[in-house]
Amino acid sequence: MRIVAVFINLFFFLLLPPFLEGVMRKITARVQSRQGPPLYQPYLDLLKLLRKDNLVSAPNWAFRLAPLLALASILTAVVILPLHGQENFLSQKADLMTLIYLLTLSGFSILIGALASGNPFGSVGASREMMTIIMLEPVLAMTIILGAVRGGTMSLSGALQGVASTRSLSYFLMLAVYLLALQAFVSRQPFDIPEAEVEILEGPYVEYSGPNYALFRYTLNIKRMFYAWLLVNGFLSFLRPASFLLDLLLQAVMIILLFVLISVVGATHPRFRIDQAIKYYAFLIILALAAVGLGVKGL
Amino acid sequence: MSKKELLISLLKNKLGADFLAEETASPGRLFVDIKKEALRPVVQLLLEQGGRYQVGVAYDARKNGQGFALLHTFAFDREALLVAVRTFAPEDNPEFDSITPVVPGAGWSEREYRDLLGLNFKGHPNLKRLVLSDDWPEGIYPLRQDVPHDLMPPSADEMAFRLDQAPAGTSVVPFGPFHSSLHEPAHFSVYVDGEDIKGCEYRGFMTHRGIEKLGQTELTYNDVPFVAERICGICGSVHSANYAQSVEAAAGLKISRRAEFIRVVMLELERLHSHLLWLGVAGHLIGFDTVFMQAWRIREKIMWLAESLTGNRKTYGMIIIGGVRRNITSEKAEDIRKVLQEVEKETLALEKAIVKDKTIHKRTRGVGYLSKEETIKWNLVGPVARARGLDIDVRRDHPYAAYDELEFDVPVTDSGDVWGTLVVRLKEIYEAIKIIRQSLDKLAKLPESEPLALELEGPIPAGQQGLSVVEAPRGEAVHYVLTGDDNRPERWRVRAPTYPNLQAVPQMLLNNKLADFPIIVGSIDPCISCTDRVMLVELRENRARKVFRQELEKMSRQVRFGR
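Rules and cut-offs
Residues numbered from 1 in each chain as written. Chains lettered and ligands numbered in written order. Predicted model: local features only at pLDDT ≥ 70, side-chain atom pairs only at ≥ 80, totals over all residues. Heavy atoms only, no water. Helix = DSSP H or I, 4+ residues; strand = E, 2+ residues; numbered from the N terminus. Rg over C-alpha atoms; globule rule 2.2 N^0.38 Å. Buried < 20%, exposed > 50% of the residue type's maximum accessible area, 1.4 Å probe, protein only. Contact = heavy atoms within 4.5 Å. Areas by Shrake-Rupley, 256 points an atom, 1.4 Å probe, with all protein chains shown as cover. Lys, Arg positive; Asp, Glu negative; His and termini not counted. Charge placed at Lys NZ, Arg CZ, Asp CG, Glu CD. Pairing = 2+ DSSP bridges. pLDDT = per-residue confidence, 0-100. Buried area = accessible area lost by both parts, 1.4 Å probe. Salt bridge = Lys/Arg side-chain N within 4 Å of Asp/Glu carboxyl O. Polar contact = N/O pair within 3.5 Å; in protein donor to acceptor, adjacent residues only side chain to side chain. Phe/Tyr/Trp six-rings, centres within 6.5 Å; stacked < 30°, edge-to-face > 60°. Lys NZ or Arg CZ within 6 Å of the ring centre and 35° of its normal. Axes fitted to C-alpha atoms, helices over the stretch in contact; angles between N-to-C directions. Core = buried A, V, L, I, M, F, W, Y, C linked by side-chain atoms within 4.5 Å. Expected span 1.5 Å × (residues − 1). Parallel < 35°, antiparallel > 145°, perpendicular 65-115°, else oblique. Left-handed = near helix turned anticlockwise from the far one by under 90°. Nonpolar A, V, L, I, M, F, W, Y, C, P; charged D, E, K, R; others polar. Disulfide = S-S within 2.5 Å. Patch = residues over 30% accessible without salt bridge, like charges linked within 9 Å, V, L, I, M, F, W, Y side chains within 5 Å. Arc of directions from axis to C-beta.

**Quick notes on the overall build of chain B**
Consideration 1: Helix and strand counts for chain B come out as 19 helices and 15 strands.
Consideration 2: The C-alpha radius of gyration computed for chain B amounts to 23 Å, which stays within 12% of the reference 24 Å derived for 563 residues, consistent with globular compactness.
Consideration 3: For the C-alpha atoms alone, the extent of chain B along its principal axes is close to 65 × 65 × 55 Å.
Consideration 4: For chain B, buried positions account for 61% of its 563 residues.
Consideration 5: For chain B, restricting intrachain contacts to residue pairs at least 6 apart in sequence, the fraction spanning at least 24 positions comes to 68%.
Consideration 6: Of the accessible surface of chain B, which amounts to about 21,900 Å², a share of 51% is contributed by carbon and sulfur atoms.
Consideration 7: With 75 positive and 79 negative side-chain charges, chain B shows a spacing of 3 Å between the two charge centroids.

Structural data, given as structure tokens:
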């Protein structure tokens, strides 16, 4: 069963993310008085990209390796996640730090690819991406650390359980911080700054096309779903039904609802500048620190 | 004493024998001929008298034995007067004093005539090529009369832009020649230190069409309005109306009142669609695509309306010399009123959403700031100038068509930034609606028998000058026509509002963030095709020929990398 859980995780995180992108595109379109593409469009987009020739515009191994590394690390990160509150075969060997490392590794792969491309827009995108990682990683880490503090364990399932073990002041504060950061975690407006199409032409991905780009797109989609998953399985884990299938279904529904929210916020905001966003992130870090402090005090 | 008389007497006193001739016949215009030695003092005097520099016009006058002619035009906005100062240089030494040190906005005009006519400007601070591409052979000046309009010198094999060196401590981010925030080819080489913009060099004039040369060599007076309309895909009527007005002025033709009101309606409908278009693009440029979609949805109604009025969504083909081609009947007037009401209501709703959005304020306030002094120094026009406290609008200051009879406000703010431009443009939407409603009322009262277009009686005499201004959605557009033989203009000069506004963009960009580049450049609504109208030929081909659609598609499929 524990080995099967690994594969269930994998399928869950491979199948759902493009659909979530479809939801985002549909909702955005409706807000903009448009029809929008069908919900399955992102699957077709990925297939189309995968069928194209691989155009390598920068002749070095880092440029080619980066998309593979990005997807591999995000996939590794999601397979170790506990399923239905239970550790699976792989997460026995992993803990919180493994998860944070893997997430960061996938972010840095994007940076490496951008810098290896040698494109000036790529470098600007990479520097923005780097600033974003530096400022947002602590918020994510604090969330998990709060769980670890309250659960008294570094194991993944224990820490996730710990986040919502008691609905006290620190829980609500951290939930608020997480919700405020969610839009930035999924890099949608107003926080799609590293990609900013009209400014730096999708920044880090500017030189990527075809299958390489498909891998990055997939990575981004899975990452977005992960952040919504964390909200559902961390902060809302007390809602978990006893039945396994019902749990998976409820998770999917809640994640979709979160993406509807993300789309509406994204469609009604212009993009921040990086300096404005950083001030916002700094404010979130301070609040997150305060929440951990309260958690340590047992509040 | 009127301003016109005052200026003449001042000039005569100051110049003495250097003052050659004046021509005062047409109302609101003053054409003066002077000796070229007196150019700098005259410009100095006109500036002191409150003149606003508009544009330089030069032409080849060698067939009359006059060498090369150069004009500078100035607007006196409070006195409804346009002044053109003309001077000549001999063929063997085509050199003029540069006025760029006094009027920085003249820099481009002078560089243009160095490229196109081979004139030399003594004391110009930066005589780089402006219009001609870097591989154009030396010594061929396309606007000279002995150069055919379809000349195509062979292109060089390897030729890159000769861009300036980036200042120390900065790196270059190339915006262009193709970039998704620029909707037409243009190249901004932006010097950045981190995310801060420390400077920028502009290299444009890549969309070569040679429209002015075409108007002077191949077309006749009556052909030009339709070509002029194609100078710009957004404000085409501005150019056809402007050209028609300058020819009518040169020929002394007064068109019917009905035609004038119909021109106003078309120009203001065009302003409506253009402002809504810009509003959408501005939203898109700061990453707010919902504003883009909603503004363009509202704009679509105008496009449908225009189609029902003229047969075309854009490029209306309404304006000809002597009047207009189609009437606006009372039924059509009803349609217009209905659409205007919807547009007004929906724009109000959109405005409310925009003004309430805090992030838009954050992204536009203080961005692209330029002081009022700088604005005057660079002769900026249109909403860009009105957002910086400059109260100018040629519809009110130099009334043309039927604007003298219409009441409207000219919105002005003094925030000096992109937000101000946005506010001005939004308010102008309501003013345009107001103007169209008034025009329709007045049209209904005019006798139906009034002719839509007048015929010219006999040929237009050669050597007449016509100068006309029209307030395009982006600002003042200037057309100058010198009538010639063979039923076509001897010289036709188009100055689109982007021409002065673009020259000040490097100033606006300074010390802003890289992320603000798109919206700052977008805030002047740059019309590259209007600005790049002059050049001649497509360089890759060795001979002139037309390229048809099928062939174009074939070419685009064949050519994958390089040539």
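**Remarks on the overall build of chain A**
Consideration 1: When you go through chain A residue by residue, the secondary structure sums to 11 helices and 0 strands.
Consideration 2: Compactness check: chain A gives a C-alpha radius of gyration of 19 Å against a globular reference of 19 Å for 299 residues, within 12% of the reference.
Consideration 3: With respect to the three principal axes, the spread of C-alpha positions in chain A is 50 × 45 × 45 Å.
Consideration 4: In chain A, which comprises 299 residues, the share counted as buried stands at 58%.
Consideration 5: If you take every contact in chain A between residues at least 6 apart in sequence, the share linking residues at least 24 apart comes to 79%.
Consideration 6: Total accessible area computed for chain A in this model is approximately 12,000 Å², and 72% of it derives from carbon and sulfur atoms.
Consideration 7: Distance from the positive charge centre (22 side chains) to the negative charge centre (15 side chains) of chain A: 6 Å.

**A look at the pairing of strand β13 (residues 465–472) of chain B**
All names here are of chain B.
Consideration 1: Among the 8 residues of β13, 8 are classified as buried, and the element is accordingly described as predominantly covered.
Consideration 2: Where β13 meets strand β14 (residues 475–483), 8 bridges bridge the pair, whose relative direction is antiparallel. By the bridge assignment for β14, glutamine 465 is matched with leucine 482.
Consideration 3: In this antiparallel pair of consecutive strands, β13 and β14, the connection spans 2 residues.

**Structural notes on the confidence of the model for chain A**
Consideration 1: Looking at chain A, the pLDDT average stands at 85 and 99% of residues meet or exceed 70.
Consideration 2: Across chain A, element-level confidence peaks in helix α2 (residues 41–51) of chain A with a mean pLDDT of 93 and bottoms out in helix α8 (residues 197–200) of chain A with 69.

**Side note on the interface of chain B and chain A**
Consideration 1: On the chain A side, the residues contacting the 29 residues of chain B number 23 residues.
Consideration 2: A combined buried area of about 2,300 Å² lies between chain B and chain A, and 59% of that area is made up of carbon and sulfur atoms.
Consideration 3: Across the contact surface, chain B and chain A share 1 salt bridge.
Consideration 4: Where aspartate 516 of chain B meets arginine 273 of chain A, a salt bridge forms, and the shortest distance between an N and an O atom there is 2.8 Å.
Consideration 5: In this structure, the connection of chain B to chain A is made through 9 residue pairs in polar contact (both at pLDDT 80 or more).

**Looking at the packing of aromatic side chains**
Consideration 1: Inspection of every chain in the model, using the stated rule, returns 28 aromatic pairs over all chains.
Consideration 2: Between tyrosine 400 of chain B and tyrosine 403 of chain B, the ring centres sit 4.9 Å apart and the planes meet at 70°, which makes this aromatic pair edge-to-face. Pair check on accessibility: tyrosine 400 of chain B and tyrosine 403 of chain B agree, each one buried.
Consideration 3: Here a set of aromatic residues connected by ring pairs shows up, and it is made of Phe12, Phe13, Tyr171, Phe172, Tyr178, Phe185, Phe226, Tyr227, Trp229 and Phe235 of chain A.
Consideration 4: Its end group placed over the ring of tryptophan 296 of chain B, arginine 299 of chain B keeps NZ or CZ at 4.7 Å from the ring centre.

**Quick notes on the sheet that holds strand β10 (residues 196–203) of chain B**
Residues and elements named next belong to chain B.
Consideration 1: As summarised here, the arrangement of the 3 strands in space is β8-β9-β10, forming an open sheet in which the pairing is antiparallel. Two strands bound the open sheet, and with one partner strand each, they are β8 (171–175) and β10. Within this sheet the neighbouring strands show an average axis-to-axis angle of 25°, counted without direction.
Consideration 2: Alignment of β8 against strand β9 (residues 187–193), held across 5 bridges, turns out to be antiparallel. In the sheet register, serine 171 faces β9, and the bridge partner there is valine 192.

**Here we look at the environment of serine 330 of chain B**
Consideration 1: Here serine 330 of chain B shows up in helix α9 (residues 330–356).
Consideration 2: Residue serine 330 of chain B is classed as exposed on the basis of its relative accessible area of 53%.

**Remarks on the pairing of strand β4 (residues 68–76) of chain B**
Residue and element names in this part refer to chain B.
Consideration 1: Here β4 lies mainly inside the structure; 9 of its 9 residues are buried.
Consideration 2: Of the two faces of β4, the one carrying Phe68, Leu70, His72, Phe74 and Phe76 and the one carrying Ala69, Leu71, Thr73 and Ala75 are both buried.
Consideration 3: Sheet topology note: the strand β3 (residues 52–60)/β4 ladder contains 8 bridges and is antiparallel. Residue glycine 56 lies in a different strand from β4, and its bridge partner there is histidine 72.
Consideration 4: The pairing of β4 with strand β5 (residues 81–89) spans 9 bridges and is antiparallel. Bridge assignment links leucine 70 to a residue of β5, and that residue is threonine 87.
Consideration 5: In textbook terms, the turn of a hairpin is the stretch between consecutive antiparallel strands, and for β4 and β5 this stretch comprises 4 residues, one of which, alanine 80, has a positive phi near 50°.

**With respect to the nonpolar core**
Residue and element names in this part refer to chain B.
Consideration 1: Residues Ile34, Phe188, Tyr243, Leu269, Leu272, Ile336 and Trp492 are the most contacted members of the largest nonpolar core, which totals 173 residues.
Consideration 2: The element contributing the most residues to this core is helix α7 (residues 257–285), with 16 residues.
Consideration 3: Apart from the residues within four sequence positions on either side, phenylalanine 188 is in contact with Val173, Pro174, Phe175, Leu182, Cys200, Glu201, Tyr202, Leu502, Val505, Phe517 and Val521.

**A few points about the side chain of arginine 491 of chain B**
Residues and elements named next belong to chain B.
Consideration 1: Examined against the element boundaries, arginine 491 turns out to sit in strand β15 (residues 489–495).
Consideration 2: Residue arginine 491 is classed as buried on the basis of its relative accessible area of 1%.
Consideration 3: Polar side-chain contacts of arginine 491 include one of 2.7 Å to the backbone oxygen of alanine 58.
Consideration 4: The contact partners of arginine 491, leaving out residues within four places of it in the chain, are Val57, Ala58, Tyr59, Tyr113, Leu143, Glu212, Gln216, Tyr480, Val481 and Leu482.

**Some points on helix α8 (residues 289–310) of chain B**
Consideration 1: Along its 22 residues, α8 of chain B runs 31 Å from first to last C-alpha, staying within 8% of the 32 Å computed at 1.5 Å per residue.
Consideration 2: Where α8 of chain B terminates, the next one or two residues include glycine 311 of chain B, which has phi positive at roughly 95°.

**Overview of the packing of helix α5 (residues 120–151) of chain A against helix α11 (residues 274–296) of chain A**
Residues and elements named next belong to chain A.
Consideration 1: As a packed pair, α5 and α11 sit with axes 9 Å apart at the nearest point and diverge in direction by 15°. Put simply, α5 runs roughly parallel to α11. The handedness of the crossing between α5 and α11 comes out as left-handed. Residues Arg128, Met131, Thr132, Met135, Leu136, Pro138, Val139, Met142, Ile145, Leu146, Val149 and Arg150 of α5 pack against Ile274, Ile278, Tyr281, Ala282, Leu284, Ile285, Ala288, Leu289, Ala291, Val292, Gly295 and Val296 of α11.
Consideration 2: Its residues assigned to classes, the contact of α5 with α11 comprises 20 nonpolar, 2 polar and 2 charged.

**Remarks on the state of the cysteines**
All names here are of chain B.
Consideration 1: Within this structure, the stated rule accounts for 0 disulfides over all chains.
Consideration 2: Of all cysteine sulfurs in the structure, the one in cysteine 235 sits closest to cysteine 232, which takes part in no disulfide; the separation is 3.4 Å.
Consideration 3: In this structure cysteine 232 comes out as buried when scored by relative accessible area, which is 3%.

**What to know about a nonpolar patch on the surface**
Consideration 1: On the surface, a nonpolar cluster with roughly 600 Å² of combined accessible area is contributed by Ile3, Phe7, Phe11, Leu15, Phe89 and Leu90 of chain A.
Consideration 2: Position of leucine 90 of chain A among the secondary structure elements: in the loop between α3 (61–79) and α4 (96–117).

**Considering helix α2 (residues 39–48) of chain B**
Residues and elements named next belong to chain B.
Consideration 1: Of all the residues in α2, the buried ones are Leu39, Val42, Val43, Leu45 and Leu46. Buried residues of α2 fall within an arc of 160° about the axis and therefore sit on the same side.
Consideration 2: Of the surrounding secondary structure, the elements contacted by the buried residues of α2 are α1 (3–15), β2 (29–34), β4, β5 and β6 (95–97).

**Topic: unusual backbone geometry**
Residues and elements named next belong to chain B.
Consideration 1: For threonine 315, which is not a glycine, the phi torsion comes out positive at approximately 50°.
Consideration 2: Within the fold, threonine 315 resides in the loop between α8 and β11 (319–320).
Consideration 3: Despite not being glycine, asparagine 379 has its phi angle at roughly 50°, a positive value.
Consideration 4: Turning to its location among the elements, asparagine 379 is positioned in the loop between α11 (372–377) and α12 (382–386).
Consideration 5: Of the residues examined, asparagine 379 reaches a relative accessible area of 7% and is grouped as buried.

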